[in-house]
2 protein chains.
Amino acid sequence: MATKFDRYRVPPGKGLRLSDIAPDETKAFDGDKDQARARTQTLNARLEELQEALYAEGRHRVLVVLQAMDAGGKDGTIRSVFEGVNPQGVKVACFKQPTRHELAHDFLWRVHPHTPGAGEIAIWNRSHYEDVLVARVRDLVPETRWRRRYEHIVAFEKMLADEGTTIRKVFLHISKDEQRKRLQERIDDPKKRWKWHPADLDERRWWDDYQRAYEEAMAATSTEHAPWYVVPADRNWYRDLVVSELLLDALEGLGIRLPEGDPGIAGLRVT
Amino acid sequence: MATKFDRYRVPPGKGLRLSDIAPDETKAFDGDKDQARARTQTLNARLEELQEALYAEGRHRVLVVLQAMDAGGKDGTIRSVFEGVNPQGVKVACFKQPTRHELAHDFLWRVHPHTPGAGEIAIWNRSHYEDVLVARVRDLVPETRWRRRYEHIVAFEKMLADEGTTIRKVFLHISKDEQRKRLQERIDDPKKRWKWHPADLDERRWWDDYQRAYEEAMAATSTEHAPWYVVPADRNWYRDLVVSELLLDALEGLGIRLPEGDPGIAGLRVT
């Protein structure tokens, strides 16, 4: 159903300019930070219920793809949005730099085993999109090859959708200055220092190229069956709220119900 | 370190009689139900912290094996003990009746891929122990074969431990009458009916054989590196508390610390 959070949906087949969306805007919510946090908590409780029913029903599968620039808040989003949800029905897969073994296969080979099963929610922290992002920006494969991947991605996701998977793809959109602050914090705060990788600084130099790669990849692969959302993510509280709303909206649309069980067992006594 | 919850540890190489442990006892905790719930919440918050550090440090791996009779409370335990813990570092694997494909391999083949990676906690809802439990009781393989599996299990778990995995194995110990009540609830409560399987009643007839199979399997495979605990589980609040205590004790013993990161980056400015 249409909600005010649909403003962040990337329209299929049109150009996308990330600079048109302010990373620090909070337009789809009327309240302040505390009110947003309270609303996110409410959504979280509802997510807990729906996930339980999803699992019990064992009919639908849900895939959430999370992408962002470094320090974009993927980990924090997962923590906040899924807090309290039964880990039994939620699988998080992190896709880091591919291993030699993974590179020996097609680019969808390593993600496919992590698609959700019946009744499951799978969350991908990075994904097959890295193969049209970093692969493009850092020239890891020739353009003819990464460009063809857009079609392969659309086809793969269509197959998943046709087989019963609901897909939502989220780009956490931060500003270059917000990234600077967050990376600086990783240096200055001893508690965050473990998150620091020297490669982050190097990657940061390619900021504009990444933004362009994201724009083109999202425009080419945002479909009816697997839409992309660009979520303003400079403010964590707004980001958490929007991602929760988008996910809940998708789940509510599925008409999930606790299965009724076999009516024939009514009156049965266990001895 | 020794705690009062060690009373539930199965001593290696000695006989075990489940009837010596009352499923409804609460001896290792002085308070009442509300106090136990409050304590479990405190432990839960600490678990959240430790799991975060475990993940950040990426050095240790933790495996929790959960076994129980039907309706023994495995799902509820996972939900309560791990509530609020970041799903990113926790992987739950459910082992149901093996598929034909799984049966075409050795009995450890299907569990091995689900062992925890560095910084991860893996929870197994049922496990390779089914292959010395149901396989024995229902005569799925000859005794010579399931009996040899005790040694294979000990060797496999020793290998995991030597490679850096901390293992805790928990049997949720309910009484036959408590099982009756819980199965009856699944029939009578429409919200629980989806959990009902006709096979549950059939399995229940083999109660005594299962208890014997558990006793022998646990006695044969409770080791220093992978101890079994028999947790009285008729009362959910006590069960949750004891499992939390056991898990926390194991984690505290690891000396997990947030990694310090590269000291050379101090003073670095991100531009």
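Preceding this section is the structure that the text describes.
So, here's what we can say about the structure. (Residues numbered from 1 in each chain as written. Chains lettered and ligands numbered in written order. Predicted model: local features only at pLDDT ≥ 70, side-chain atom pairs only at ≥ 80, totals over all residues. Heavy atoms only, no water.)

**Concerning the interface of chain B and chain A**
Consideration 1: The interface of chain B with chain A comprises 41 residues on the first partner and 42 residues on the second.
Consideration 2: Counting across the interface, chain B meets chain A through four salt bridges.
Consideration 3: At the junction of chain B and chain A, the tally comes to 14 residue pairs in polar contact (both at pLDDT 80 or more).
Consideration 4: Of all the secondary structure elements, the ones that give two or more residues to the side of chain B that touches chain A are α1 (33–57), α2 (74–81), β2 (90–94), α6 (176–188) and α7 (198–204) of chain B.
Consideration 5: No other element matches the six residues that α6 of chain B contributes to the side of chain B that touches chain A. (Contact = heavy atoms within 4.5 Å. Salt bridge = Lys/Arg side-chain N within 4 Å of Asp/Glu carboxyl O. Polar contact = N/O pair within 3.5 Å; in protein donor to acceptor, adjacent residues only side chain to side chain. Helix = DSSP H or I, 4+ residues; strand = E, 2+ residues; numbered from the N terminus.)

**Quick notes on the packing of helix α4 (residues 130–137) of chain A against helix α5 (residues 143–162) of chain A**
Residue and element names in this part refer to chain A.
Consideration 1: Where α4 contacts α5, the two axes come as close as 9 Å, and the packing angle between them is 170°. Here α4 is positioned roughly antiparallel relative to α5, judged by the angle of their axes. Taken together, the residues of α5 that come into contact with α4 (itself represented by D131, V132, A135 and R136) are W146, R149, Y150 and I153.
Consideration 2: In the contact of α4 with α5, the residues fall into five nonpolar, no polar and three charged. (Axes fitted to C-alpha atoms, helices over the stretch in contact; angles between N-to-C directions. Parallel < 35°, antiparallel > 145°, perpendicular 65-115°, else oblique. Nonpolar A, V, L, I, M, F, W, Y, C, P; charged D, E, K, R; others polar.)

**Quick word on helix α9 (residues 236–252) of chain B**
Consideration 1: Its 17 residues give α9 of chain B an end-to-end C-alpha distance of 24 Å, which sits within 8% of 24 Å, the value for a rise of 1.5 Å per residue.
Consideration 2: Among the 17 residues in α9 of chain B, 15 count as buried, and that is most of the element. (Expected span 1.5 Å × (residues − 1). Buried < 20%, exposed > 50% of the residue type's maximum accessible area, 1.4 Å probe, protein only.)

**Some details on the pattern of salt bridges**
Residue and element names in this part refer to chain A.
Consideration 1: For the coordinates displayed, the defined rule picks out 50 salt bridges over all chains.
Consideration 2: A salt bridge links E143 to R147, with the shortest nitrogen-to-oxygen separation between them at 2.7 Å. Taken together, the residues span about one helical turn, with E143 and R147 both in helix α5 at a distance of four residues.
Consideration 3: On the basis of relative accessible area, E143 is assigned to the partly exposed category, the value being 42%.

**Concerning the packing of aromatic side chains**
Consideration 1: Throughout the structure, instances matching the rule amount to 12 aromatic pairs over all chains.
Consideration 2: When the centroid spacing of 6.4 Å and the interplanar angle of 85° are considered together, the rings of Y8 of chain B and Y238 of chain B count as edge-to-face. Remark: Y238 of chain B occurs in helix α9 and Y8 of chain B occurs in the segment before α1; sequence separation between them is 230 residues. Taken as a pair, Y8 of chain B and Y238 of chain B share a single burial class, namely buried.
Consideration 3: Taken together, the aromatic side chains of Y8, W237 and Y238 of chain A make up a single cluster linked through ring pairs.
Consideration 4: Above the ring of F107 of chain A, the side-chain terminus of R149 of chain A is found at 4.8 Å from the ring centroid. (Phe/Tyr/Trp six-rings, centres within 6.5 Å; stacked < 30°, edge-to-face > 60°. Lys NZ or Arg CZ within 6 Å of the ring centre and 35° of its normal.)

**Digging into the relation of the copies chain B and chain A**
Consideration 1: Mapping chain B onto chain A is achieved by rotating through 180° and translating by 0.0 Å along the same axis, at an RMSD of 0.0 Å. Taken together, the turn and the small shift mark the pair as related by a two-fold rotation axis. Considering only C-alpha atoms, the part of chain B nearest the rotation axis is G84 of chain B, at 2.2 Å.
Consideration 2: Of the interface residues in chain B, 100% have counterparts in chain A that sit at the interface too, so the contact is made through matching surfaces. (Least-squares fit on C-alpha atoms with pLDDT ≥ 70 in both.)

**Here's the deal with the environment of P87 of chain A**
Consideration 1: Within the secondary structure, P87 of chain A sits in the loop between α2 (74–81) and β2 (90–94).
Consideration 2: Those residues in contact with P87 of chain A, other than ones at most four positions away along the chain, are I78, F82, V90 and V92 of chain B.

**What about the sheet that holds strand β4 (residues 165–173) of chain A?**
Residues and elements named next belong to chain A.
Consideration 1: Taken in spatial order, the five strands line up as β2-β3-β1-β4-β5 in an open sheet, and their pairing is parallel. Both edges of this open sheet fall to β2 and β5 (228–232), since each of them pairs with a single strand only. With direction set aside, neighbouring strand axes in the sheet form an average angle of 20°.
Consideration 2: The sheet contact formed by strand β1 (residues 61–68) and β4 spans eight bridges and is parallel. By the bridge assignment, L63 is partnered in β4 with I167. (Pairing = 2+ DSSP bridges.)

**A few points about the pairing of β4 of chain A**
Residues and elements named next belong to chain A.
Consideration 1: Taking burial as the measure, the nine residues of β4 include nine buried ones, the bulk of the element.
Consideration 2: The pairing of β4 with β5 spans five bridges and is classified as parallel. Looking across to β5, one finds that L172 is bridged to V231.

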